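# Architecture and fold: a report
If you want the building blocks of each chain, they are given just below.
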Amino acid sequence: MNAFQQLIGTKQFRIHAVLLVLVSLVCTQIPLFNYLGFEFSALIALLAGYSAGLVTLAYAGKQPQDVNLTTVYRSSAVVSALLLFLPLVIISLNALFVRNCSFADGLMFFALGPVPSALFSSALALLVVAGLRRWRKTVFTLVELGILGNILIVTTTSSQIFSFNPLLGYFPGITYDESMPIGGRLALYRVTTLVAISVIVVLAELVRRRRMIRQPVHKLAAGWEKAVLGLGAAILAGTWWWSDTLSFSSSEASIRQELAGELVTEHFVLVFPPTLDSETAGRLARDHEFFYSEIARQLRIRPAGRIRSFLYASAQQKGRLIGAAGTNIAKPWLRQIHLNLSDAGRALRHELVHVMAADFGIPVLGVGMNSGLIEGLATAVERVQYDETLHRLAAQILAVGIEPDMEDLFSLMGFWKGHGGTSYILAGSFCRYLMDQYGMRRFKWTYRTGDFETFYNRKFEVLVAEWRRYLREPPPTVEERTRAAFYFRRPSIFAKECARVIAALNEQTRSLIREREWEKAIESSRRSIDLSRSPEAVIQHVLALTRAGRFEEATQFGTSALRDSSIAHTLLPLYLTLGDAAWATGNPAGAKRLYEALYAIHLSTAYDEACAVRLEAMSRRDAEELRPLVTGEMADSLKVEWLAHKRARTDSSSLIRYLLGVEFMSAGRTNEALHEFLRVRRLNAGILDYQRMRRVAILYFNVGDYQKAKMYFWESLNFTARESDRIEIEEWLRRCDWVEEVND
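Read on for an overview of the structure. (Residues numbered from 1 in each chain as written. Predicted model: local features only at pLDDT ≥ 70, side-chain atom pairs only at ≥ 80, totals over all residues. Heavy atoms only, no water.)

A complete count under the given rule lists 36 aromatic pairs for this structure. Ring geometry for F410 and F452: centres 5.6 Å apart, planes at 80°, overall edge-to-face. Of this pair, F410 sits in the loop between α17 (406-409) and α18 (420-438) while F452 sits in helix α20 (residues 452-456), and the two are 42 residues apart along the sequence. Across the pair, exposure class does not vary: F410 and F452 are buried alike. Among the aromatic residues, those joined into a ring-pair cluster are F38, F109, F162, F164, Y170, Y189 and F248. Looking at R185, its charged tip hangs above the ring of F162, at a distance of 5.2 Å from the centre. Lying across the ring of F486, R490 places its NZ or CZ 4.9 Å from the centre. (Phe/Tyr/Trp six-rings, centres within 6.5 Å; stacked < 30°, edge-to-face > 60°. Helix = DSSP H or I, 4+ residues; strand = E, 2+ residues; numbered from the N terminus. Buried < 20%, exposed > 50% of the residue type's maximum accessible area, 1.4 Å probe, protein only. Lys NZ or Arg CZ within 6 Å of the ring centre and 35° of its normal.)

With that settled, consider the pattern of salt bridges. Scanning the model with the defined rule gives 44 salt bridges in all. With a closest N to O distance of 2.7 Å, E294 and R734 form a salt bridge. Separated by 440 residues along the polypeptide, E294 in helix α12 (residues 278-299) and R734 in helix α36 (residues 723-743) bring together distant segments of the chain. Taking relative accessible area as the criterion, R734 reaches 31% and is therefore assigned partly exposed. (Salt bridge = Lys/Arg side-chain N within 4 Å of Asp/Glu carboxyl O.)

When helix α33 (residues 670-677) is considered as a whole, its buried residues turn out to be A673, L674, E676 and F677. The arc that holds every buried residue of α33, seen down its axis, measures 165°, which confines them to one face. Tucked into the core, α33 has its buried residues touching α31 (636-649), α32 (654-666) and α34 (686-702). (Arc of directions from axis to C-beta. Contact = heavy atoms within 4.5 Å.)

Among the surface-exposed residues, L188, V191, W240, W241, W242 and L246 lie close enough to one another that they form a single nonpolar patch of about 720 Å² accessible area. Put simply, the parts of the chain that give the nonpolar patch at least two residues each are α8 (183-212) and α10 (223-241). When its relative accessible area of 40% is taken as the criterion, L188 is described as partly exposed. (Patch = residues over 30% accessible without salt bridge, like charges linked within 9 Å, V, L, I, M, F, W, Y side chains within 5 Å. Areas by Shrake-Rupley, 256 points an atom, 1.4 Å probe, with all protein chains shown as cover.)

As a further point, take the sheet that holds strand β3 (residues 261-264). Overall, mixed pairing links the 5 strands, which are arranged β3-β4-β5-β7-β6 in an open sheet. Each edge of the open sheet carries a strand with a single partner, namely β3 and β6 (329-331). The mean angle between the axes of side-by-side strands here comes to 15°, regardless of whether they run parallel or antiparallel. Here 5 bridges tie strand β5 (residues 307-312) to strand β7 (residues 336-340), and the two strands are oriented parallel to one another. Directly across from R308, in β7, lies its bridge partner Q336. Against the sheet, helix α11 (residues 252-259) makes contact with β3, β4 (268-272), β5 and β7, and its axis sits at roughly 50° relative to β5, the strand it touches most. (Pairing = 2+ DSSP bridges. Axes fitted to C-alpha atoms, helices over the stretch in contact; angles between N-to-C directions.)

A word on the environment of R302. Structurally, the position occupied by R302 is in the loop between α12 and β5. Taking relative accessible area as the criterion, R302 reaches 56% and is therefore assigned exposed.

This brings us to the side chain of E382. Turning to its location among the elements, E382 is positioned in helix α15 (residues 371-382). Excluding residues within four positions of it along the chain, E382 makes contact with R346, R349 and H350.

On to helix α2 (residues 11-27), then. End to end, α2 covers 24 Å across 17 residues, agreeing with the expected 24 Å (1.5 Å per residue, within 8%). Where α2 is concerned, the buried positions are F13, H16, A17, L20, V23, S24 and C27. Taken down its axis, α2 places every buried residue within 130° of arc, on the same side. Turned more than 90 degrees away from the buried face of α2 sit K11 and L22, all of them exposed. (Expected span 1.5 Å × (residues − 1).)

Further remarks concern the pairing of β3. Pairing of β3 with β4, which is carried by 4 bridges, proceeds in the antiparallel orientation. Residue V264 lies in a different strand from β4, and its bridge partner there is V269. The turn linking β3 back onto β4 is made up of 3 residues.

Our focus in this paragraph is the pairing of β5. Counting buried residues in β5 gives 5 out of 6 residues, a clear majority hidden from the surface. In the sheet, β4 pairs with β5 via 4 bridges, with the strands oriented parallel. The partner of L270 across the bridge, within β5, is S309. Assessed by its sense of winding, the connection that carries the chain from β4 through α12 to β5 is left-handed. (Right-handed = clockwise from strand over helix to strand, strands pointing away.)

What follows concerns the packing of α31 against α32. Contact pair α31 / α32: the axes reach a minimum separation of 10 Å and the direction vectors enclose 150°. The way α31 lies across α32 gives a crossing that is left-handed. Every residue of α32 that contacts α31 at K639, V640, L643, A644, K646 and R647 is listed here: I656, R657, L659, L660, E663 and F664. Here the contact of α31 with α32 is composed, by residue class, of 7 nonpolar, no polar and 5 charged. (Left-handed = near helix turned anticlockwise from the far one by under 90°. Nonpolar A, V, L, I, M, F, W, Y, C, P; charged D, E, K, R; others polar.)

The interhelical angle for the contact between helix α29 (residues 605-618) and α32, taken along N-to-C directions, is 145°, at an axis separation of 11 Å. As α29 packs across α32, the resulting crossing turns out to be left-handed. Note on element contacts: α32 touches α29 through L655, Y658, L659 and V662, opposite E609, V613, E616 and A617. Across the contact of α29 with α32, the residue classes tally to 6 nonpolar, no polar and 2 charged.

What follows is the structure in structure tokens.
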């Protein structure tokens, strides 16, 4: 009987083969793990790696002392591959029942995950056999746990949230990013894993010889073995030394070196890209300090020490340096926040709350007891999301039949089970209710301990019932329920088909749309739709068709998609795009109906403004001339020149000046934007007057005229009845007062 037959005939092999088969069968019933992809491969890498090591321990431990361990490893490597073959076959066959959008990607993750992991564990097992006579299984297990524990060490002690690991392959960190473009880096990292395997196997054989022949190791090693050890050690040392350069890790020093810009204030160290001008950097620093004062006031704290704020030029840069390309993060225990520059205005306060709440969080880590409390507090301090108040949004969510288990939401991992937006809003509204009704002191202790009953003297379900009664009045309107369905009746990543592949395709389409590569965007979105009819892909496809001038095709496809009741509630932005297509094909009445329908829902301030601008333009005699401008057909680079020429030549109407002011403001031309906005007379839609006054106020704020800024902020409230707008304007007024006080 040869070595291979002996190995597969062992009890250990049969036990672990059955275990892997059972786990694979269970995975076929679990969303996200039920097809050959990253999640399944990562799980099998952990289990199959450990199994391969234990099988190798059992087999190698029974071999004669004079057997060459290099030969033993060849047999164990084949058996490791056989162990992996079983789950690969099972999950591949499951593709007959569950869609696998990219079998090639799945094979890549499997080849770069479980295969090297099993080979690495087998090599470690040989080294344990060579060095120890007793406690082999215990030591091997502890070594494996130590190597896996390095993930926790790396992601908690450094800025990055990702980690490359020889046993797991790649750990992406806790992030909402669905796209995972790490194939190239992971393949390069796995080359170093193979080098490490070679070094470990040779070292194991030399340790075995050393035990049998009491001579120095260098005399026992053959020439090729010395070469493997020397070259392998050099490669591994070089990989460790240049780990940041290879993007296998990301130290704070390397991040600072790449971002290069730095500004120190009373409470912050801002680190930002060198392309950021000093004026913008100063404005960001001022925003940091203002939100610091606001959060300190609300939470009744005054933390010591500076917070380091890292601002990244793009999501791609942030993803490469720390992971979480599209997800802004905070590390309270390191007193760090990491933001994309484009998200700084939206996400700064939220992430600052995480860090500043460390003042009353769990010792050392500085976080709350669970994600519901952590994210709920940060959302509660913001008070407004999706251009609406938290409590109103929570009422709308409950009104459309979304009934999450609130107790589960405030458990250790329950927050992540549902759709992210729903979890944030409900947790935020509940925390805001507790803070307002019972004060911060009780909430702080609950944040730290997770114990609601002790500090509120009420059972958790009683507190939830109180909160729900508070939300009931007034009941949400039909339009509000429609809006809530759009934002929140969506599946979590665990319920999406081919989430990783679809996310990557949709990101590619977004990039093509930004670059105005319409035909390529059409093809990219069509590939995504062919795999899974996701709302984002449908919206992108209709937009790309419209921008490419294929109006009839866009109308036909978009109208058909809206008839699909399973996703129609997620496709409301199509009203705007289909309105543009109707207008372009000589159906202004149809376009007007679509714009008015979307405006009535108040999907967001941005959509309200887009609809109002189109409706205003359609009421003019030169509507057809304005159509390419207001619908987005005209390139952004041409808009200022076109508008300025029209204003100077024939038309200085309020709409033209308004649009020109918007373009000037977007381009950072403050004085010119003010000049245009101040000459606008009242427009037909209240949202446009509100936005104009608000923009004028912000422009005056940016040039340092805080009294005029406050005047226009106050005046803007005459054109809106929304509570969320009032909250935002009141914050701007406090900001004006704060800046004046600081400057004095």
